[in-house]
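# Understanding the architecture of this molecule
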Amino acid sequence: MSQLSVLLPLTGLLFLISSTFGSESSVPYPVTCATRGADLMEDGVVVLCPPDCTLWRVSVFGTGIYASVSSVCGAAVHRGVLGSSGGPVRVHKLQGRHNYMSSYAHGIQSQALTHWPASFRLTKPVNVPLELTSDTGTTALPAAAQPAKKPVKKPSVKKALTGGNKDCQMDIALVIDSSNNIGQRRFNLQKNFVAKLAAMLRVGQTGPHIGLIQASGTPRTEFLLTNYTQPKELMFAIKELAYLGGDTNTGKAIMHTAETFFTQENGGRRGHPRVMMVLIDGWPSDDLEQAAMLARESGINVFLVSVAKPAPEELSMVRDKEFMKKAVCKDNGFFSYLIPSWFSTTKHVKPLTQRLCSLDGLLCSKTCYNSVNIGFLIDGSSSVGDGNFQLVLDFLAGIARSFDISDVGARIGAVQFTYDQRLEFGLFDHSTKDDAINALRRISYMSGGTATGGAISYTTQNLFRRTGPGRNFLIVVTDGQSYDDVSIPASITQKQDITMYSVGVAWAPLDDLRAMASEPKDSHTFFTREFTGLADFIPPLVRGICRDFTENN
């Protein structure tokens, strides 16, 4: 016999439900319209909702995945699992999350919520929910006809690493086709393809993050990058996507995604490459060029996957026959992908996954802000003084703060010199911006003579030894005459594809500064009489680095 204990306080809101059955019990327990997910003690419990919950002012937070503070029966009606007449529904407990999304469905307006520590989702209790590969459940037999009880076989889902694929730390927006072009049947095939792709990408906290947007007449964000960071939850969210219909306004969907999707408020991670994979059945109804340009300028790598491309007799109906070339990050064949039919997508999952995770191939994500290696060569001679040395560190921290420093982004390192040299920290020693800037501010003042030439040679050999070409920058800050030659070491450094900026203060001779600086000399040389004037150089130096990076890459 199952045991049901229900605690009904005066508010009638809190139910404590316990049962001798396991969490997959199909015996429904009666609840009220006000019962919340948080009031249920077990996972997988089946509750019996009363009729007419839409007449109550029930509180529902989220879409598809609901915050545990939501009314279970209200969420079930909102999800379409129940109608106004009520009935049984199974409640699956989930972890908390950020960014519960609001929507209106089936007479219920759900609300947005920034964060809640626990969640739930809902399914009909007749069948075990299907996920990737699963065993369908069967309707319960009458008690007299039931065989000996066997352990419930849970859905078979491949166990993914909770951390995710560390070799693919991308933020990925999937823009899928939900237009009249594709139709309901091919839309379902598209969902299966996207689910297989997402499974192979292996989402996780330290792996790729995936969000999804539907393109139709008006784009609709279905879930953000941080809504589902576990594979099982992501599979369920994809499975539950509803077909929209409407025009194939792919350009509008790309614009919407580029403008809003990758912001930090919406879960975008600083320093992580941004990828947008756009699926299109046939051809778009609108123009893609302006939207794609915005995406490129925003450091987003747009891949376009065309399925069932226009036949020769259909080309006259295509608004822009060059839409694929204009949409992608770069028209080099890497960002464009053709699949002949929705019925033959499985063999394309692995090669597409490899492209999306190819860090070196993501040309558009390599903006100066997340790709450069910057070395700071700091004069620690006696003429600088303790107070002024701190102003130099403030100046360099201001430069560093302008870049997205991370283990997959920009990096900084520092060398201090007098007659001798000291590697303060290397380019690969600190993988977050805060750690790198704190290390910069902790540098202790050496005091001594000034041998800038030897310091340039030391830095080239010790700071940049593990870096690739086209993105290395060395900023030399000095306040006086060097005791050794600077022109030959600077020339050797620049021949190794390291761009040099020289920043002089007080008695630093202009001839030395220009000898150290890369061409054109005027835009790579800075001078101020006072250390307090260094802060004014931060914006032009950052702009110069970005200009050089763009030209070199």
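What comes next is a walk through the structure.

Parameters at a glance
- Residues numbered from 1 in each chain as written.
- Predicted model: local features only at pLDDT ≥ 70, side-chain atom pairs only at ≥ 80, totals over all residues.
- Heavy atoms only, no water.
- Axes fitted to C-alpha atoms, helices over the stretch in contact; angles between N-to-C directions.
- Helix = DSSP H or I, 4+ residues; strand = E, 2+ residues; numbered from the N terminus.
- Parallel < 35°, antiparallel > 145°, perpendicular 65-115°, else oblique.
- Left-handed = near helix turned anticlockwise from the far one by under 90°.
- Contact = heavy atoms within 4.5 Å.
- Nonpolar A, V, L, I, M, F, W, Y, C, P; charged D, E, K, R; others polar.
- Buried < 20%, exposed > 50% of the residue type's maximum accessible area, 1.4 Å probe, protein only.
- Polar contact = N/O pair within 3.5 Å; in protein donor to acceptor, adjacent residues only side chain to side chain.
- Pairing = 2+ DSSP bridges.
- Disulfide = S-S within 2.5 Å.
- Salt bridge = Lys/Arg side-chain N within 4 Å of Asp/Glu carboxyl O.
- Expected span 1.5 Å × (residues − 1).
- Right-handed = clockwise from strand over helix to strand, strands pointing away.

### Section: the packing of helix 9 (residues 386–401) against helix 15 (residues 538–552)
Packing of helix 9 against helix 15 brings their axes to within 10 Å, and their N-to-C directions diverge by 45°. Judged by the inter-axis angle, helix 9 sits oblique to helix 15. Handedness of the helix 9/helix 15 crossing: right-handed. Across from F395, G398 and I399 in helix 9, the residues of helix 15 making contact are I538, L541 and V542. Of the residues assigned to the contact of helix 9 with helix 15, the class counts are five nonpolar, one polar and no charged.

### With respect to the side chain of N99
You can see N99 is positioned in strand 5 (residues 87–100). A relative accessible area of 17% places N99 in the buried class. Polar contacts involving the side chain of N99 include one to the side chain of T226, which spans 3.5 Å. Every residue in contact with N99, bar those within four places of it in the chain, is listed here: L113, T114, L224, T226, N227, E265 and N266.

### What to know about the sheet that holds strand 10 (residues 209–215)
With mixed pairing, the six strands of this open sheet are ordered in space as 11-10-9-12-13-14. Of all strands in the sheet, those with a lone pairing partner are strand 11 (220–223) and strand 14 (336–339), marking the two edges. When strand polarity is set aside, the average angle formed by the axes of neighbouring strands in this sheet is 20°. Sheet strands touched by helix 4 (residues 250–260): strand 9 (171–177), strand 10, strand 11, strand 12 (274–281) and strand 13 (300–307). Its angle to strand 12, the strand with the most contacts, is close to 165°. Most of the contacts of helix 7 (residues 349–356) go to strand 14, to which it runs at about 170°, and overall it touches strand 12, strand 13 and strand 14.

### A few points about the sheet that holds strand 8 (residues 113–123)
Strand order in this open sheet of six strands is 1-2-5-8-4-3, and the pairing throughout is mixed. Each edge of the sheet is formed by a strand with only one pairing partner; in this case those strands are strand 1 (29–30) and strand 3 (62–63). Along the sheet face, helix 1 (residues 72–79) touches strand 2 (45–49), strand 3, strand 4 (65–67), strand 5 and strand 8 and points at about 70° away from the line of strand 8. Against the sheet, helix 3 (residues 231–239) contacts strand 4, strand 5 and strand 8, and its axis sits at roughly 65° relative to strand 8.

### Concerning the state of the cysteines
The tally for this structure, following the rule as stated, stands at five disulfides. Covalently, C329 is tied to C364 through a disulfide, its sulfur atoms 2.0 Å apart. Across the S-S bond linking C329 and C364, the dihedral sits near 105°, which makes this disulfide right-handed. Of this pair, C329 sits in the loop between helix 6 (323–327) and strand 14 while C364 sits in the loop between helix 7 and helix 8 (368–371), placing them 35 residues apart in sequence. Residue C364 is classed as buried on the basis of its relative accessible area of 13%. In the protein, the bonded cysteines, numbered by position in the sequence, are linked as 1-3, 2-4, 5-7, 6-8, 9-10.

### Details of unusual backbone geometry
The residue after E519, namely P520, is reached through a cis peptide bond having omega -10°. Mapped onto the elements of the fold, P520 is located in the loop between helix 13 (510–516) and helix 14 (521–524). The backbone of A506 shows a phi angle near 60°, a positive value even though the residue is not glycine. Within the element layout of this structure, A506 appears in the loop between strand 19 (498–505) and helix 13. Residue classification places A506 among the buried residues on the basis of a relative accessible area of 14%.

### Looking at the pattern of salt bridges
For the structure on display, the rule yields 12 salt bridges. Note that R269 is salt-bridged to D171, the shortest N-O span being 2.8 Å. Residue R269 is found in the loop between helix 4 and strand 12, and its partner D171 is found in strand 9; the two are separated by 98 residues along the sequence. The class for R269 is buried, based on a relative accessible area of 16%. By relative accessible area, D171 is classed as buried at 1%. Between D394 and R441 there is a salt bridge, with the nearest N and O atoms lying 2.6 Å from each other. Of this pair, D394 sits in helix 9 while R441 sits in helix 10 (residues 433–441), placing them 47 residues apart in sequence. For D394, a relative accessible area of 36% gives the class partly exposed. Residues joined in a network through salt bridges with shared partners are R79, K239 and E240.

### Focus: helix 9
Between the first and last C-alpha of helix 9 there are 23 Å, a value that for 16 residues agrees with the 22 Å anticipated at 1.5 Å per step. On the buried face of helix 9, the contacting elements are strand 15 (373–379), strand 16 (411–417), helix 10, strand 18 (472–478), strand 19 and helix 15.

### Some details on the pairing of strand 10
By the criterion of burial, strand 10 is predominantly enclosed, with seven of the seven residues buried. Of the two faces of strand 10, the one holding H209, G211, I213 and A215 and the one holding I210, L212 and Q214 are both buried throughout. Taken together, the seven bridges between strand 9 and strand 10 define a ladder with parallel strand orientation. Residue pairing for strand 10: L174 is matched across the bridge by L212. In terms of handedness, the path from strand 9 via helix 2 (residues 183–201) over to strand 10 forms a crossover that is right-handed.

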